[in-house]
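Residue-level listing of the chains:
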Amino acid sequence: MLTTSNGTSGSSSDTPRDDADVRVAARSRLAGWLPLAAAVLGLLSFLLVRGSLTDDGYITLAYAKNLALHGEWALVPGSVANSATSPLDVLLLGFLTFVTRISGSAHPVVALGVLTVLSSGAIGWAWLRFTRRFRLAPWVGLLGLVLVIANPFLLSATGLEVLLVPAVLLWLVVFALEGRPVLFGAVAALTVLTRLDLIVFVLVITFSAAAIRKRFWVAFGTAVAVSAPWFLVSWFALGSFIPDTLVIKQDQEGLFGPWGYFSGPMMYFLYLPLTVMLAFASALVGVVVLLAWLGVRFARRWDDFPKLAPVVALGLGGVVYYIVYSTLGVGPYHWYYVTPMVSTATFAVLMVGIWHAEAKQRPGLNRGVPLVALSLAWLVGLGNVAVDVAQGVPWPSPVIFGNWASSADYARVGRELGARLQGKSVAGPGEIGTLAYYCDCQILDVFSDRTQVATIVTKRIAEDSKFSSLGLRINYHWFKRNPPRKVDYRLLYDKGPGSGPDEWTVYSAAKGVGHFTLVPER
């Protein structure tokens, strides 16, 4: 018998268990810093990229700005639109932008920084829950954060909903694992409001978790109650249940030449091989781990092993998402790859981290293999950080970039264009986000002018299959097909420098020197 420090006695066999409990408690306390660490990483990432946001990021910021200042769901003031892919992102940014008005004027970019920090913190908080549930080493959670937040594809799309996506997906998994159907349903609603195409993950994770399946109608009812108000407003007031971006992007066939979504990674690899390899490495490992786990799962049954179906569903959802997008006929926009990358990468870290944790408790499991795999994953994560920093601090332009002008040049053109137009309208050159944000003018294209969307919708209904046409008719049943709007000027882009009172020379790291010309519409 042994005597403890408080004078009680116990058997010597209790000592190893006590030591293990102390280690678990110490790891839990250390893991408690994960949300703060994630928020700090989010802040640093935002400070790195804030001066080089992409044009599509500014589309979201322009929506948030108009919502906060004018209460309008619009890309340009006074013109109701429905081209914001992520309603939740716009609503959150709009609210935070409204809060910044306490300083006297609205600051959407500051609001974006706040949302970036909050979204990153939410990811870190989810990892804290995973760490405590599966007794993971805290550094495994930190690895999961780095592989997501430092991904150059994600950072190159800052301004879009790229951090909201992993946040809502991880919390879906958390509540599925914990068997909380009401909270799961609420997060499911936020997930489809983040991006409607994330319904793929909602379905896969829902039917993977027995606790959610058993109370499916509770989860479903909660999801409907939370999300229905927005979708009804969107359908009746905006004239479209689904954002117009789906038909707009599908109408851009041929924009990327022979490249589509499925082959897009190879397109990026041809001019940024190292960046693409590092960005996709953990995702590809996730696919391999998924196949290996499915093989083991159906070959052997471990009744006492942790319930991992929702975790596996996260990886499976990423694969299904990639397949679905490959069949939709959309272009290989780099932010479209963020969702499958972060979901499969997070799945890989979770699964290997759980293997590493279980190996400490089960003598039959190899401890070396998961430790080596996690160490290699750290090299990938640090490689992504190196790519990010090598771009410059702060970034002069995103790592993945294809716009005609830098955000600074677009801002200059937008301000001067607004002063030049004096309330008249101008047809956009093809990239509208940054110009619309800084111009505060009637710059019109398919993203801001719904009369142009009407042409696309009519064409699609006439040419698509009966099933697709029926879906479009239902979606656009309340859509008002107004006559085309009058355009006073056109803004044109061409390569090389320009001169003259209505020309602006710009520079892009992707396109080089070019210029915009403002010409009257005849």
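The preceding data block contains the structure.
As the structure is a prediction and not an experimental result, all values here were calculated from the model.

### Things to note about the overall build of the protein
Secondary structure summary: the protein contains 22 helices and nine strands in total. By the compact-globule yardstick of 24 Å for 522 residues, the protein fits well, its C-alpha radius of gyration being 25 Å. Dimensions of the protein, computed from the C-alpha atoms along their principal axes, are close to 100 × 50 × 50 Å. A total of 522 residues make up the protein; the buried ones form 54% of that total.

### Digging into the pattern of salt bridges
Scanning the entire structure with this criterion turns up eleven salt bridges. D197 is the salt-bridge partner of R195, the closest N and O atoms lying 3.0 Å from each other. With a shortest N-O distance of 2.9 Å, D244 and R450 are connected by a salt bridge. Placement of the pair is D244 in the loop between α12 (216-237) and α13 (245-250) and R450 in helix α21 (residues 450-463), with a sequence separation of 206 residues. By relative accessible area, R450 is classed as buried at 11%.

### Observations regarding a nonpolar patch on the surface
On the surface, a cluster of nonpolar side chains totalling about 710 Å² of accessible area is made up of L30, W33, L36, V40, L43, L44 and L47. When residues of the nonpolar patch are assigned to their parent elements, the largest contribution, five residues, is made by helix α2 (residues 34-49). Tracing the backbone through its elements, the reader meets L47 in helix α2.

### Some words on the sheet that holds strand β6 (residues 442-444)
The sheet built from five strands is open, its strands ordered β6-β5-β7-β9-β8 with mixed pairing. Taken across any chain shown, the strands that pair with only one partner, and hence form the sheet edges, are β6 and β8 (503-508). For this sheet the average axis-to-axis angle between neighbouring strands, irrespective of direction, equals 30 degrees. In terms of strand pairing, strand β7 (residues 489-495) meets strand β9 (residues 512-520) through seven bridges, oriented antiparallel. Paired with D494 across the bridge in β9 is H515. The strands touched by helix α19 (residues 407-421) are β5 (425-427), β7, β8 and β9; relative to β8, the strand with the most contacts, the crossing angle is about 165 degrees.

### Observations concerning the packing of helix α5 (residues 108-134) against helix α8 (residues 164-178)
Axes are the key here: two packed helices are described by the angle between their axes and the distance separating the axes. For the pair α5 and α8, the least separation of the axes is 9 Å and the interaxial angle reads 30 degrees. Considering the angle they form, α5 stands roughly parallel to α8. The handedness of the crossing between α5 and α8 comes out as left-handed. Contacts between α5 and α8 involve S119, A122, I123, W125, A126, W127, R129, F130, R133 and F134 on the former and, on the latter, L164, P166, A167, L170, W171, V173, V174, F175, L177 and E178. Tallied by class, residues from the contact of α5 with α8 come to 16 nonpolar, one polar and three charged.

### Some remarks on the state of the cysteines
Simply put, disulfide is the name for a covalent bond between the sulfur atoms of two cysteines. All told, the structure shown has one disulfide when counted by the stated rule. Disulfide pairing is shown between C439 and C441; the S-S distance is 1.8 Å. Residues C439 and C441 are joined through a disulfide that is right-handed, its torsion about the S-S bond being 115 degrees. Side by side, C439 and C441 carry an identical accessibility label, which is buried.

### Remarks on the packing of aromatic side chains
Under the definition given, this model contains 37 aromatic pairs. Their ring planes at 40 degrees and their centres at 5.6 Å tell us that Y410 and F516 sit as a pair that is tilted. One end of the pair, Y410, is in helix α19; the other, F516, is in strand β9, with 106 residues separating them in the sequence. Across the pair, exposure class does not vary: Y410 and F516 are buried alike. Seen from their ring centres, Y493 and F516 are 5.2 Å apart, and the 55 degrees between their planes marks the pair as tilted. With Y493 in strand β7 and F516 in strand β9, this residue pair connects regions lying 23 residues apart in the sequence. With a relative accessible area of 0%, F516 lands in the buried category. A cation sits over an aromatic face here: K65 above Y437, 4.6 Å from the ring centre.

### Here's the deal with the packing of helix α9 (residues 181-194) against helix α10 (residues 199-208)
Packing of α9 against α10 brings their axes to within 9 Å, and their N-to-C directions diverge by 155 degrees. Between α9 and α10, the angle is such that the two are roughly antiparallel. On α10, the residues that touch F184, A188, T191 and V192 of α9 are I199, V202, I205 and T206. Tallied by class, residues from the contact of α9 with α10 come to six nonpolar, two polar and no charged.

### Quick look at unusual backbone geometry
Excluding glycine, a negative phi dihedral is what most residues carry, and trans is how most peptide bonds are arranged. Omega for the bond connecting V393 with P394 falls within 30 degrees of zero, at -5 degrees, which places this linkage in the cis form. Relative to the helices and strands, P394 resides in the loop between α18 (368-390) and α19. You will see that R135, though not glycine, has its phi angle at about 55 degrees, which is positive. If you trace the backbone, R135 turns up in the loop between α5 and α6 (138-149). Positive phi, normally seen in glycine, also occurs at Q422, with a value near 50 degrees. For Q422, the position within the fold is in the loop between α19 and β5.

### A closer look at the pairing of β7
As paired elements, β5 and β7 share two bridges and run parallel to each other. Across the sheet, A427 pairs through a bridge with R490, a residue of β7.

### Digging into the side chain of T116
Note that T116 resides in helix α5. Other than its neighbours up to four places away in sequence, T116 contacts G42, S45, F46 and L163.

Analysis parameters
- Residues numbered from 1 in each chain as written.
- Predicted model: local features only at pLDDT ≥ 70, side-chain atom pairs only at ≥ 80, totals over all residues.
- Heavy atoms only, no water.
- Helix = DSSP H or I, 4+ residues; strand = E, 2+ residues; numbered from the N terminus.
- Rg over C-alpha atoms; globule rule 2.2 N^0.38 Å.
- Buried < 20%, exposed > 50% of the residue type's maximum accessible area, 1.4 Å probe, protein only.
- Salt bridge = Lys/Arg side-chain N within 4 Å of Asp/Glu carboxyl O.
- Patch = residues over 30% accessible without salt bridge, like charges linked within 9 Å, V, L, I, M, F, W, Y side chains within 5 Å.
- Areas by Shrake-Rupley, 256 points an atom, 1.4 Å probe, with all protein chains shown as cover.
- Pairing = 2+ DSSP bridges.
- Axes fitted to C-alpha atoms, helices over the stretch in contact; angles between N-to-C directions.
- Contact = heavy atoms within 4.5 Å.
- Parallel < 35°, antiparallel > 145°, perpendicular 65-115°, else oblique.
- Left-handed = near helix turned anticlockwise from the far one by under 90°.
- Nonpolar A, V, L, I, M, F, W, Y, C, P; charged D, E, K, R; others polar.
- Disulfide = S-S within 2.5 Å.
- Phe/Tyr/Trp six-rings, centres within 6.5 Å; stacked < 30°, edge-to-face > 60°.
- Lys NZ or Arg CZ within 6 Å of the ring centre and 35° of its normal.

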